[in-house]
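Spelled out, the chains give:
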Amino acid sequence: MNLLDGIIVLDFSQYLAGPSATLRLADLGARVIKIERVNGGDGSRSMQLKNLTVDNDSLLFHTINRNKESFTCDLKNKNDLEMVKRLIAKADVMVENFRPGVMDKIGLGYDIVKEINPKIIYGTVTGYGSEGPWAKKPGQDLLLQSMSGLTWLNGNSDQPPMPFALSITDIYTGVHLSEGILACLFRRFKTGKGGLVQVSLLESILDMQFEVITTYLNDGKKAPKRSGHNNAHAYLSAPYGIYETSDDYIALAMGSVLELGEILGITELKQYSNTESWFDSRDEIKQLIGDKLKTNTAEYWLDILKKSGYWCSDVLNWQQLLESEGFKILDFIQNIKRPNSQDIFTTRCPIKINGKNLKYAKWAPKLGENTESIIEEFKLRGEIQNETT
């Protein structure tokens, strides 16, 4: 099941975007070696979610760096830098996410690295691209969401800009980076040529909005207009949204307003016979639907809607989701823990190959856990000593 068996990835990146890409490569069978600072290592080792740590590393670090190795070095030290260069000569992929120019100053920019290893795939992540007035701005997820226009799509029209409560910019960028690396690897197998893969947080979060940005560009550049009630998509008509019932919530997707009126017994919806009114008058329509749904339970309404074939859903919390049979059959949770340490439950790779899930029980490495074994395996220290004698 190790599709990338034999592929060596050197991961100089930290936090989320780069490490999420190398995590996917590790899940697909690549050997990923994190190149970390001697003091502190990857910054996400200390970046905590809800103050959760395991073995003195944040749970976040364990989540996004499982199935990797850790090699510590000081890139400002000549001998350490030479060891890393010799490791680069044996690698297939290298990933970094420093600000533009940093790797060049260290002596590991792409032009130098491709001289060391012409076949290497060099992946780089920036916040806003390598050029322009924003090139050196901090590339942080909330800041990118805010600058990209995304926050004006969430929440109701009377609410301020609303970010997603997830690091979606980082994770989506990681997906793009892994896609580019895999494409370059495929080309290398055919031509023998390496390549430079460049992604930025800004371009990735803009790509995530390609549907609505395209609508904006071709609709007279009119600003998105969020619904005043139950907004779930600034560019979709009623009934699209999440609605409160007498005891819970339900979700309604795209569908005929007239048909919904008949199913739910909302006679007032008959007046909206023109489909264009389903968008132009969506607040009034959603208000009528919302008032009706509050008169009974979520189970009652879902039973009626499902029998009629109308697109609808429960609105589950994580406890309800994990206890559902639909989730259990996915076998989506795996236990990753360091030897003699506590259990860490996390999600698996979402990709199936030939009907089989990709699960690896290899833990996230302690800082420098594999340094000496890697030096010995690749004879890094010995080669340097031979050259200097």
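Look a little higher up for the structure.
Given the structure is predicted, the values throughout are model-derived calculations rather than measurements.

Asker: Which parts of the structure should I look at to understand the packing of aromatic side chains?
Answerer: For any two aromatic rings, the description comes down to two numbers: the centre-to-centre distance and the angle of the planes. As enumerated under the stated definition, the model contains three aromatic pairs in all. Here Tyr 128 and Trp 134 contribute two aromatic rings whose centre-to-centre distance is 6.1 Å and whose plane-to-plane angle is 75°, an arrangement assigned as edge-to-face. Tyr 128 gets classed as buried once you look at its relative accessible area, which sits at 8%. Given the relative accessible area of 39%, Trp 134 is considered partly exposed. With a centroid separation of 5.0 Å and 75° between ring planes, the pair formed by Tyr 300 and Trp 301 is classed as edge-to-face. The exposure class of Tyr 300 is partly exposed, given its relative accessible area of 39%. Over the face of the ring belonging to Trp 363 we find Lys 362, whose NZ or CZ atom lies 4.6 Å from the ring centre.

Asker: What should I look at first to understand the side chain of Thr 72 in this one?
Answerer: You can see Thr 72 is positioned in strand β5 (residues 69–73). A residue is classified by how much of its surface remains accessible, and Thr 72, at 17% relative accessible area, is buried. Excluding anything up to four places from it in sequence, Thr 72 contacts Glu 36, Arg 37, Val 38, Leu 367, Gly 368 and Thr 371.

Asker: Would you take a moment to explain the sheet that holds strand β10 (residues 249–252) for this structure?
Answerer: Overall, antiparallel pairing links the three strands, which are arranged β9-β10-β11 in an open sheet. Every other strand in the sheet has two partners, leaving β9 (241–244) and β11 (312–314) as the edge strands with one partner each. With strand direction ignored, the average angle separating the axes of adjacent strands in the sheet is 30°. Bridge analysis of β10 against β11 gives three bridges, and the strand direction is antiparallel. Across the sheet, residue Leu 252 finds its bridge partner in β11, namely Cys 312.

Asker: Looking at this structure, I do not really get unusual backbone geometry. What am I missing?
Answerer: Working note: non-glycine residues mostly have negative phi, and peptide bonds are mostly trans. The omega torsion of the bond from Ala 238 to Pro 239 falls at 15°, within 30 degrees of zero and hence cis. As for its position among the elements, Pro 239 is in the loop between α9 (210–217) and β9. Phi is positive for Asp 55, close to 55°, though the residue is something other than glycine. Assignment of secondary structure puts Asp 55 in the loop between β3 (53–54) and β4 (57–58).

Asker: Would you take a moment to explain the sheet that holds strand β2 (residues 31–37) for this structure?
Answerer: Strands pair in a sheet through their backbones, by hydrogen bonds, and they do so in one of two ways: parallel or antiparallel. On the basis of which strands lie adjacent, the open sheet formed by six strands has the order β5-β2-β1-β6-β7-β8 and parallel pairing. The sheet is open, and its two borders are formed by β5 and β8 (195–200), each paired with just one other strand. Along the sheet, successive strands turn relative to each other by an average axial angle of 20°, direction set aside. Sheet topology places strand β1 (residues 8–11) next to β2; four bridges connect them, and they run parallel. When the bridges of β2 are listed, Val 9 appears paired with Val 32. The strands touched by helix α1 (residues 17–27) are β1, β2, β6 (93–96) and β7 (121–126); relative to β1, the strand with the most contacts, the crossing angle is about 165°. Taken strand by strand, helix α16 (residues 371–378) contacts β1, β2 and β5, and its axis lies near 85° from that of β5.

Asker: Explain the side chain of Arg 282 here, please?
Answerer: Within the secondary structure layout, Arg 282 lies in helix α12 (residues 282–293). The buried charged residue Arg 282 lacks any salt bridge partner; its closest oppositely charged side chain belongs to Asp 283, at an N-O distance of 4.8 Å. Not counting residues up to four positions away in its chain, the partners in contact with Arg 282 are Lys 225, Arg 226, Ser 227, His 233, Ala 234, Tyr 235, Leu 236, Ala 238 and Ser 277.

Analysis parameters
Residues numbered from 1 in each chain as written. Predicted model: local features only at pLDDT ≥ 70, side-chain atom pairs only at ≥ 80, totals over all residues. Heavy atoms only, no water. Phe/Tyr/Trp six-rings, centres within 6.5 Å; stacked < 30°, edge-to-face > 60°. Buried < 20%, exposed > 50% of the residue type's maximum accessible area, 1.4 Å probe, protein only. Lys NZ or Arg CZ within 6 Å of the ring centre and 35° of its normal. Helix = DSSP H or I, 4+ residues; strand = E, 2+ residues; numbered from the N terminus. Contact = heavy atoms within 4.5 Å. Pairing = 2+ DSSP bridges. Axes fitted to C-alpha atoms, helices over the stretch in contact; angles between N-to-C directions. Lys, Arg positive; Asp, Glu negative; His and termini not counted. Salt bridge = Lys/Arg side-chain N within 4 Å of Asp/Glu carboxyl O.

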